[in-house]
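# Coordinate inspection notes
Below are the chains, spelled out letter by letter.
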Amino acid sequence: EAGKVSFKELPNYENPNDDGTDGTYDLIVKISNQNLALDVNNSVIVVLDDVNEKPDITSMTNFVVNENNKTVGFITATDEDFNDTQTYSLDITQGDSDLFDLNATTGALTFKANPNYESPIDANQDNNYTVTVIVNDKFDLNDSAIIMVTVKDVNEKPTINPVSVSYNESNVTVDFNVTDPDANDA
């Protein structure tokens, strides 16, 4: 009859807990027959093999940025595998992802164009942009997350545009328009 050896807790190749912390587990297995007439001790060595684990996105999933600013923040991920590299990308078929750029190496997330609070271009036109980010490891395992980017209003200065200037001996008249990009700003 075959015997079975199993771990009490799942082992982790990147963090072994054997005596030598090298992923090699030395066991002594005692074999007895039914009558206990024969006892044999055998040495068994169990060596862990590395299995590729997927990366995990660890950055925050909600960013708040001021209007007129392209910079959003950094998407970060961890991977338990030694020397595994991550590559970041956007799923441009989802949400507002096509309005953003994501640096494949650093995970820097930016708007393609400065967002304008007064003229939102997200799908719902509510200044809450959804972005689907993906991180792949070198063996093409991946994780994805939906990131929410909220654009907040910043008070912008008005501009004065002269329209006409008229002058006579007793009076100078200047007509001009004042515009303010902020909605409902007096």
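See the structure above.
The paragraphs below set out a description of the structure included in this document. Fair warning: this is a prediction, and the values are worked out from it, not measured in the lab. (Residues numbered from 1 in each chain as written. Predicted model: local features only at pLDDT ≥ 70, side-chain atom pairs only at ≥ 80, totals over all residues. Heavy atoms only, no water.)

Here we come to the sheet that holds strand E10 (residues 128-137). With mixed pairing, four strands are arranged side by side in an open sheet as E4-E11-E10-E7. Of all strands in the sheet, those with a lone pairing partner are strand E4 (62-66) and strand E7 (86-90), marking the two edges. Recorded for the sheet is a direction-independent mean angle of 30 degrees between the axes of neighbouring strands. Summarising the sheet, E7 and E10 pair through five bridges and their orientation is antiparallel. Bridge pairing in E10 links Leu90 to Val133. (Pairing = 2+ DSSP bridges. Helix = DSSP H or I, 4+ residues; strand = E, 2+ residues; numbered from the N terminus. Axes fitted to C-alpha atoms, helices over the stretch in contact; angles between N-to-C directions.)

What follows covers the layout of surface pockets. Empty space among the atoms becomes apparent when a probe as large as a water molecule is rolled across them. The calculated volume of the largest pocket comes to roughly 210 Å³. As for the largest pocket, its lining consists of Val5, Ser6, Phe7, Lys8, Glu9, Leu10, Pro11, Asn17, Tyr25, Asp26, Leu27 and Val46. A total of three residues in the lining of the largest pocket trace back to one element, the largest contributor, which is strand E1 (residues 24-32). Among the residues forming the lining of the largest pocket, the class breakdown is seven nonpolar, two polar and three charged. (1 Å grid on protein atoms, 1.4 Å probe; cavity = no way out; pocket = protein on both sides within 12 Å on 5 of 7 lines; lining within 4 Å. Points joined across faces, edges and corners; volume = space filled by probe spheres on them. Nonpolar A, V, L, I, M, F, W, Y, C, P; charged D, E, K, R; others polar.)

All right, on to the pattern of salt bridges then. Taken as a whole and judged by the stated rule, the model has two salt bridges. For Lys54, the salt bridge identified is with Asp56, shortest N-O distance 2.8 Å. Among the residues examined, Lys54 registers a relative accessible area of 36% and is labelled partly exposed. In this structure, Asp143 and Lys54 form a salt bridge, with 3.7 Å as the shortest nitrogen-oxygen distance. On the criterion of sequence distance, the pair formed by Asp143 in strand E11 (residues 142-152) and Lys54 in the loop between strand E2 (39-47) and strand E3 (56-57) is long-range, its members being 89 residues apart. (Salt bridge = Lys/Arg side-chain N within 4 Å of Asp/Glu carboxyl O. Buried < 20%, exposed > 50% of the residue type's maximum accessible area, 1.4 Å probe, protein only.)

Looking at the secondary structure, you find Asn136 in strand E10. Owing to a relative accessible area of 16%, Asn136 belongs among the buried residues under this scheme. Here the side chain of Asn136 touches Asp140 through a polar contact of 2.6 Å, side chain to side chain. The residues contacting Asn136, other than those within four sequence positions of it, are Pro55, Thr85, Gln86, Thr87, Leu141 and Asn142. (Polar contact = N/O pair within 3.5 Å; in protein donor to acceptor, adjacent residues only side chain to side chain. Contact = heavy atoms within 4.5 Å.)

This part is about a nonpolar patch on the surface. Among the surface-exposed residues, Ile160, Val165, Tyr167, Val172, Val174, Phe176 and Val178 lie close enough to one another that they form a single nonpolar patch of about 760 Å² accessible area. Elements with a minimum of two residues in the nonpolar patch: strand E12 (159-168) and strand E13 (171-179). Top contributing element to the nonpolar patch by residue count: E13, with four residues. Of note, Phe176 is situated in strand E13. Here Phe176 falls in the partly exposed class, since its relative accessible area comes to 47%. (Patch = residues over 30% accessible without salt bridge, like charges linked within 9 Å, V, L, I, M, F, W, Y side chains within 5 Å. Areas by Shrake-Rupley, 256 points an atom, 1.4 Å probe, with all protein chains shown as cover.)

This next bit is on the side chain of Asp79. On the secondary structure map, Asp79 appears in the loop between strand E6 (77-78) and E7. At 3.0 Å, the side chain of Asp79 forms a polar contact with the backbone nitrogen of Asp81. Contacts of Asp79, omitting those with residues within four sequence positions, involve Glu53, Lys54, Pro55, Asp84, Gln86 and Asp137.

It is worth stressing that arrangement in space is one thing and function is another; only the former is reported here.
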